[in-house]
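# Observations on chain architecture
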Amino acid sequence: MQYIENRTFDEIAIGDAAELTRTLRPQDIELFAVMSRDVNPAHLDEQYTKTDMFHGIITHGMWGGALISAVLGTELPGPGTVFLNQSLTFLAPVGIGDTVTVRVEVTEKQPDERLLLACACINQHGETVIEGVAKVIAPRDKVRRPRVVLPEVHLHEQGAQYARLIAATAALAPVRTAVVHPCDALSLGGAIEAAQQGMILPVLVGPRARIDAAAQDAGCNLDGIEIIDTPHSHAAAAAAVALVREGKVAALMKGSLHTDELLEAAIDSTLGLRTERRMSHVYALDVPTYPKPLLITDAAINIDPDLTTKRDIIQNAIELAQALGIDLPRVAILSAVETVNPRIASTLDAAALCKMADRGQITGGLIDGPLAFDNAISPVAVAAKGIVSDVAGQADILVAPDLESGNMIAKQLIYLAGADAAGIVLGARVPIILTSRADSRVSRLASCAMAQLFIHHKTLAMK
């Protein structure tokens, strides 16, 4: 165990000194901004700094002041010190990657345990960037305490992964989309915002009076937007599916009806949207503690998929990942363990699916399994278990053994890890955008962006 120990007033002599060295990282600036709420663009806006006097991101001046305080409070004099006064002169900026040595030196001892200390922050080039004088009350009593272990901090820019998806649609043509039963302000507003972003050309399908009322609640202008009047949600789902079969729309978007109502119309064996491939749902999660988008499938449609269905589930997810810009997605087939166990059926399926990929029955991705959840997403867990894999610890796609486990994984990441969730159904004639009442604005837009990117990707593949 590490300890922190002070020097009392009687132990300190003029000329005593202490120092620490820190290298400025981008997250140091972000943490300081979060703590102080100082969002001066000189510290955070790279575009702005290209034209300011420093021509690059610099840290807050008081970051150096805080480091001086750290030396005084932990080294000299250390615990028990009372800070009375601090003067600071800022001589040069500190930028990302600069290494700063902070030094304090006792210059005067005064009555009543007062000390004056010269303070300086010196960069890696030997330049003094900050200088000043601190006045403190030094401790009388000796203190030796275990050094407090600081919490681990993860910085996450809310919606950053989705913002990249949305930005990728800027040059694409909007997709003519049937919005099914958009009869509340949330679902209608989401569709209209997606239209304003140039992602979709909405065709609103549902009871006209209720759509108009929702528009009034949401403050939406429906001028120029096609509305197909239906008596209720079941009829809206059937009418929207018919629009797809007639080639009048290229995507469906769920409104305020229940998911089962929409999917029941889509899977109808005669009038639905079935293809030779099984339909499946894919969550695209923006998880604060994961460095890239994480796709999870299937958490909404296939309750207990057999081997053939799992093959289609995987292929759907791979094609979506490719549409999102992941050229060779890493696919982890999940189970409770990472070895094949005849008593655990999901491990047998995982082994068979890997062999199917070897034989070209699943294409476009790197596939490995069985893998336990930790081994799929944690390099630390992979190293601890000595797993050799091109997928383990860095998966793009998690394939759950069944709907229950997939749904629980996704919901736990959403509600315990703070993940944002966008969702889409693939394997039908057209992508189906599934949104939830709990979805944020950016999640709704991300779901539309995924459909737009997927359609564009498929169109290019057919040329």
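Below or above, wherever it landed, is the structure these notes cover. Note that the structure is predicted; figures quoted are calculated from it, not measured.

### So, the sheet that holds strand β5 (residues 114-122)
Sheet architecture is open: 5 strands sit in the order β2-β4-β5-β6-β3, paired in antiparallel fashion. A strand with exactly one partner marks an edge of an open sheet, and here the two such strands are β2 (17-23) and β3 (82-90). Across the sheet, the mean angle from the axis of one strand to that of its neighbour is 20 degrees, orientation sign disregarded. Two elements, strand β4 (residues 99-110) and β5, share 9 bridges in a ladder whose sense is antiparallel. The residue bridging Val104 from the neighbouring strand is Cys119, located in β5. Docked against the sheet, helix α4 (residues 61-74) engages β2, β3, β4, β5 and β6 (128-137), running at close to 140 degrees with respect to β3.

### Section: the environment of Leu84
Looking at where Leu84 falls in the secondary structure, it is placed in strand β3. By relative accessible area, which is 41% here, Leu84 ends up partly exposed. Excluding residues that lie within four positions of it along the chain, Leu84 makes contacts with Arg114, Lys135, Val136 and Ile137.

### Description of unusual backbone geometry
Of note, the bond from Leu76 into Pro77 is cis; its omega dihedral lies within 30 degrees of zero at 0 degrees. With respect to the secondary-structure elements, Pro77 resides in the loop between α4 and β3. Look at the link from Thr297 to Asp298: it is a cis peptide, with omega at -10 degrees. Topologically, Asp298 is positioned in the loop between β13 (294-297) and α10 (307-323). Phi at Asp112 is positive, roughly 60 degrees, even though this residue is not glycine. Checked against the element boundaries, Asp112 lands in the loop between β4 and β5. Judged by its relative accessible area of 54%, Asp112 is exposed. Phi at His181 is positive, roughly 60 degrees, even though this residue is not glycine.

### Concerning the packing of aromatic side chains
On inspection of all chains with the given rule, the structure shows 0 aromatic pairs. Stacked on the ring of Phe9, the Lys or Arg Lys109 has its end atom at 4.3 Å from the ring centre. In this structure, Arg144 is placed above the aromatic ring of Tyr3, and the distance from its NZ or CZ to the ring centre is 4.0 Å.

### Considerations on α4
Helix length check: α4 (14 residues) gives 21 Å between terminal C-alpha atoms against 20 Å at 1.5 Å per residue, within 8%. Among the residues making up α4, those that are buried are Trp63, Gly64, Gly65, Leu67, Ile68, Val71 and Leu72.

### Description of the side chain of Gln315
If you trace the backbone, Gln315 turns up in helix α10. Of note is the side chain of Gln315, whose polar atom sits 2.9 Å from the backbone oxygen of Thr363. Residues within four places of Gln315 in sequence aside, it is in contact with Arg277, Gln361, Ile362 and Thr363.

### Considerations on the nonpolar core
By size, the foremost hydrophobic cluster in this structure holds 55 residues, and its most contacted members are Leu222, Ile314 and Leu320. Considering every element that reaches this core, the biggest residue donor is helix α15 (residues 441-462), with 9 residues. Beyond its immediate chain neighbours, meaning those up to four positions away, Ile314 contacts Val331, Ile333, Leu353, Ile362, Ile367 and Val399. Membership of the second largest hydrophobic core comes to 28 residues, among which are Leu20, Val106, Ala134 and Val136.

### Here's the deal with the pattern of salt bridges
Inspection of the entire model under this criterion finds 19 salt bridges. Of the charged contacts, one joins Lys248 and Glu246 as a salt bridge, the two residues approaching to 3.3 Å between their closest N and O atoms. On the basis of relative accessibility, which here comes to 49%, the residue Glu246 falls in the partly exposed class. Linked by salt bridges that have partners in common, Glu5, Glu11, Lys142 and Arg144 make up one network.

### A closer look at the side chain of Lys254
Positionally, Lys254 belongs in strand β11 (residues 251-254). For Lys254, a relative accessible area of 8% corresponds to the buried category. Within polar-contact distance, the side chain of Lys254 engages the backbone oxygen of Leu257 at 3.2 Å. Once you skip the residues sitting within four places of it in the chain, Lys254 turns out to touch Val180, Thr259, Leu262, Ile433, Leu434 and Thr435.

### With respect to the sheet that holds strand β17 (residues 420-426)
Pairing is mixed in the open sheet, where 11 strands are placed in the order β10-β9-β8-β11-β18-β17-β12-β13-β16-β14-β15. The sheet terminates laterally at β10 (226-229) and β15 (366-371), the two strands that pair on one side only. Along the sheet, successive strands turn relative to each other by an average axial angle of 25 degrees, direction set aside. Across the sheet, helix α11 (residues 345-358) lies against β14 (330-334) and β15, angled at about 165 degrees from β15, the strand it touches most.

Reading the values: the criteria
Residues numbered from 1 in each chain as written. Predicted model: local features only at pLDDT ≥ 70, side-chain atom pairs only at ≥ 80, totals over all residues. Heavy atoms only, no water. Pairing = 2+ DSSP bridges. Helix = DSSP H or I, 4+ residues; strand = E, 2+ residues; numbered from the N terminus. Axes fitted to C-alpha atoms, helices over the stretch in contact; angles between N-to-C directions. Contact = heavy atoms within 4.5 Å. Buried < 20%, exposed > 50% of the residue type's maximum accessible area, 1.4 Å probe, protein only. Phe/Tyr/Trp six-rings, centres within 6.5 Å; stacked < 30°, edge-to-face > 60°. Lys NZ or Arg CZ within 6 Å of the ring centre and 35° of its normal. Expected span 1.5 Å × (residues − 1). Polar contact = N/O pair within 3.5 Å; in protein donor to acceptor, adjacent residues only side chain to side chain. Core = buried A, V, L, I, M, F, W, Y, C linked by side-chain atoms within 4.5 Å. Salt bridge = Lys/Arg side-chain N within 4 Å of Asp/Glu carboxyl O.

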